[in-house]
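What follows is the residue order along each chain.
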Amino acid sequence: MSVAMPRPKAEILARREEIAAELRRIVPGEGVVSDPDGMRPFETDGLTAYRQLPMVVVLPETVAQVSRILRYCHDNSIRVVPRGSGTSLSGGALPLADGVLLVMSRFNKVLEVDFDNRVAVVQPGVTNLAVTRAVEHRGFYYAPDPSSQIACSIGGNVAENSGGVHCLKYGLTTNNVLGVEMVLITGEVIRLGGKHLDAEGFDLLGLMTGSEGLLGVVTEVTVRILRSPETARALLIGFPTNEDAGRCVGDIIGAGIIPGGMEMMDRPAIHAAEDFVHAGYPLDVEALLIVELDGPGEEVDELIARVKAIAEDNNAANLRVSQSEEERAVFWAGRKAAFPAVGRISPDYYCMDGTIPRKALPKVLARMKEMEAEYGLKVANVFHAGDGNLHPLILYDANKPDELERAEAFGAEILKLCVEVGGVLTGEHGVGVEKRDLMGTMFNEADLAQQERIKCAFDPRQLLNPGKVFPELHLCAELGRMHVHKGELAFPDIPRF
Ligand SMILES: Cc1cc2nc3c(=O)[nH]c(=O)nc-3n(C[C@H](O)[C@H](O)[C@H](O)COP(=O)(O)OP(=O)(O)OC[C@H]3O[C@@H](n4cnc5c(N)ncnc54)[C@H](O)[C@@H]3O)c2cc1C
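Here the residue numbers are simple positions, counted from 1 along each chain's written sequence. The predicted origin of the model limits local features to residues at a pLDDT of at least 70 and limits the giving and counting of side-chain atom pairs to 80 or more, whereas totals for whole chains, interfaces and linings rest on all residues. Side-chain measures here rest on the full set of heavy atoms in the structure, leaving out hydrogens and waters.

With that out of the way, let us pick up the domain arrangement of the protein chain. Domain extents, as shown, originate in an automatic or database domain assignment. When its domains are assigned, the protein chain resolves into domain 1 (2-103), domain 2 (110-227), domain 3 (231-339) and domain 4 (346-431). Both sides together, the interface formed by domain 1 and domain 4 hides about 410 Å², and carbon and sulfur atoms give 58% of it. Once two parts are joined, some of their accessible surface, as seen by a 1.4 Å probe, is lost; buried area is that loss totalled over both. Together, A49, L89 and S90 form the three largest contributors to the area buried by domain 1 at its contact with domain 4, with a combined 76%. One side-chain nitrogen of Lys or Arg within 4 Å of one carboxyl oxygen of Asp or Glu is enough to make a salt bridge. On inspection of domain 1 and its partner domain 4, the count reaches zero salt bridges. Whenever a nitrogen or oxygen atom comes within 3.5 Å of another N or O atom, the pair is scored as a polar contact, on the condition that within protein one atom can donate a hydrogen and the other can accept it, and that pairs from neighbouring residues in sequence are kept only if both atoms are in side chains. Viewed at the interface, domain 4 and domain 1 are joined by two residue pairs in polar contact (both at pLDDT 80 or more).

Here is the structure:
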């Protein structure tokens with residue numbers, strides 16, 4: 001198997017030592033790594049099927065350093081891959097053989113917490129969970145909560161427009177970021193948004209959120225912080241079929257109830273999570289919903305009663321309501337640990353990330369069951385059901401001939417199905433290299449061309465994270481922008497590790 005990436009530039013590789021020396025002048029001390037052993041930890045991200053040692057790794061500490069690095073790379077036509085914590089599941093932070101890997105993990109400070117304006121200003125290397133930790137003593141929290149929140153960085157969250165359990169009610173990263181400072185490939189530092197709610201001109205902040213490291217490097221983020229709800233209680237609801245659970249999800253939202261979180265797991269995922277975490281999940285059901293209701297106590301009580309009634313109408317086999325904060329945390333613990341739990345029952349798994357209209361859930365789940373037989377591989381389903389964001393985990397063994405290939409083909413088929421029923425290729429993990437070649441199933445040529453023109457406006461030489469998101473980039477050259485030769489943009493294959 002292979003992934004096509006931009007052809008390494010021989011003249012750049014020949015200058016590796018000179019480039020590392022120049023970067024050491026910009027970031028003195030231990031901020032530049034160029035020996036293969038030292039760079040090994042950076043060769044992959046969360047999509048571990050692909051590995052590539054970078055040309056050199058640089059870990060700046062100041063915005064001025066980031067600016068100088070990017071200007072130097074721009075002036076010398078050197079490619080740059082920005083990186084936060086390297087947990088991307090779509091290969092967004094996969095290095096390039098002739099590229100500088102710009103790692104933002106030293107930008108790890110919470111710069112300001114402004115409770116009056118309900119915002120926090122943080123550096124991009126701060127982990128997602130650390131934002132909540134910095135404000136929880138005053139009863140606040142940061143809402144988007146990816147399951148990787150203990151490790152992933154806010155900069156990575158902005159670049160991927162990350163989501164999590166609480167995004168159903170409180171929005172994705174894009175709804176919770178008010179401003180960023182970012183450095184362009186030319187080294188210019190710009191600010192988009194701020195503590196205020198909106199700004200004149202084009203919504204470049206919206207554009208930047210979810211731009212997967214292709215438009216600039218984020219060096220500061222202003223996020224909205226929210227008051228923790230007065231009460232939050234979770235319901236565990238077991239169902240005899242996936243279709244019953246899927247219908248129940250649609251009926252809850254259809255009744256005008258927006259839970260704080262609404263997650264679904266199927267039988268293999270329930271068993272894996274229960275064996276791992278002992279959360280008390282029922283083992284005699286085919287599907288499990290975790291529905292969290294939050295708000296003032298009386299409102300939560302009323303919502304619980306309404307959700308119970310809807311669940312019963314959809315053949316719920318059993319139902320428990322958390323009676324304490326500890327019990328609520330236990331209900332969630334299994335779901336939060338579902339990925340590693342599935343890792344215990346299969347040598348490898350391939351995590352998909354399609355999003356569908358909620359009402360298509362029963363149909364898509366039924367079709368996925370048929371595909372299991374067609375591809376000869378099992379799937380454990382864990383997903384943000386309220387958002388219609390599916391995370392089928394395709395179980396395979398990379399040591400068995402062609403299982404990875406079958407898993408990838410199966411995954412592509414699931415994503416095409418998501419698009420077919422009116423959904424999208426990714427809910428929160430980004431396109432990266434993983435879904436890049438499927439972009440044509442989602443967008444027509446005109447759609448893609450317009451997106452490419454935006455890339456060209458920010459990065460005409462295509463130096464920032466090339467090979468990610470777009471199946472091919474030719475417009476910058478056609479638009480007659482600086483120094484891009486079509487030959488450089490050919491995408492030869494780089495074999496898998
Ligand atoms: C076990 C597990 C569970 C996960 N669960 C979830 C989940 O529930 N929800 C979810 O949304 N995701 C989830 N993810 C995916 C991943 O954690 C997120 O995509 C996360 O936002 C990546 O952050 P990172 O700091 O690791 O970024 P990286 O992986 O380092 O980079 C990701 C992308 O962001 C770009 N980037 C990073 N920092 C910057 C910066 N400062 N400026 C510009 N571009 C930058 C990179 O170029 C790359 O394109 C999960 C991953 C794992 C391994």
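Okay, back to it.
The next thing to look at is the sheet that holds strand β15 (residues 287-295). What makes two strands pair is DSSP finding at least two bridges between them. The numbering of helices and of strands both runs from the N terminus, where a helix is a DSSP run of H or I of at least 4 residues and a strand a run of E of at least 2. An order of β16-β13-β15-β14-β18-β19-β17 is seen for the seven strands of this open sheet, with the pairing classed as antiparallel. Only two strands of the sheet have a single neighbouring strand rather than two, namely β16 (318-321) and β17 (348-351). The sheet shows a mean angle of 15° between the axes of neighbouring strands, direction not considered. When strand β18 (residues 379-384) meets strand β19 (residues 389-396), the two strands line up antiparallel, connected through six bridges. Bridge pairing in β19 places N381 opposite P392. Taken strand by strand, helix α10 (residues 242-254) contacts β13 (231-239), β14 (261-266) and β15, and its axis lies near 170° from that of β14. Across the sheet, helix α16 (residues 403-420) is in contact with β17, β18 and β19; its angle to β19 comes to roughly 160°. All axes here are fitted lines through C-alpha atoms, helices being fitted over the stretch that makes contact, and every angle between N-to-C directions spans 0 to 180 degrees. Any two residues whose heavy atoms approach within 4.5 Å are treated as being in contact.

Overall, antiparallel pairing links the five strands, which are arranged β6-β7-β11-β9-β10 in an open sheet. This sheet does not close on itself; its edge strands, each paired only once, are β6 (110-114) and β10 (189-193). Taken over all neighbouring pairs, the strand axes of this sheet differ in orientation by 15° on average, direction set aside. Pairing of strand β7 (residues 119-122) with strand β11 (residues 217-224), which is carried by four bridges, proceeds in the antiparallel orientation. Counterpart to V122 in the pairing with β11 is V221. Helix-sheet contacts for helix α4 (residues 63-75) involve β9 (177-183), β10 and β11, and the interaxial angle to β9 is about 55°.

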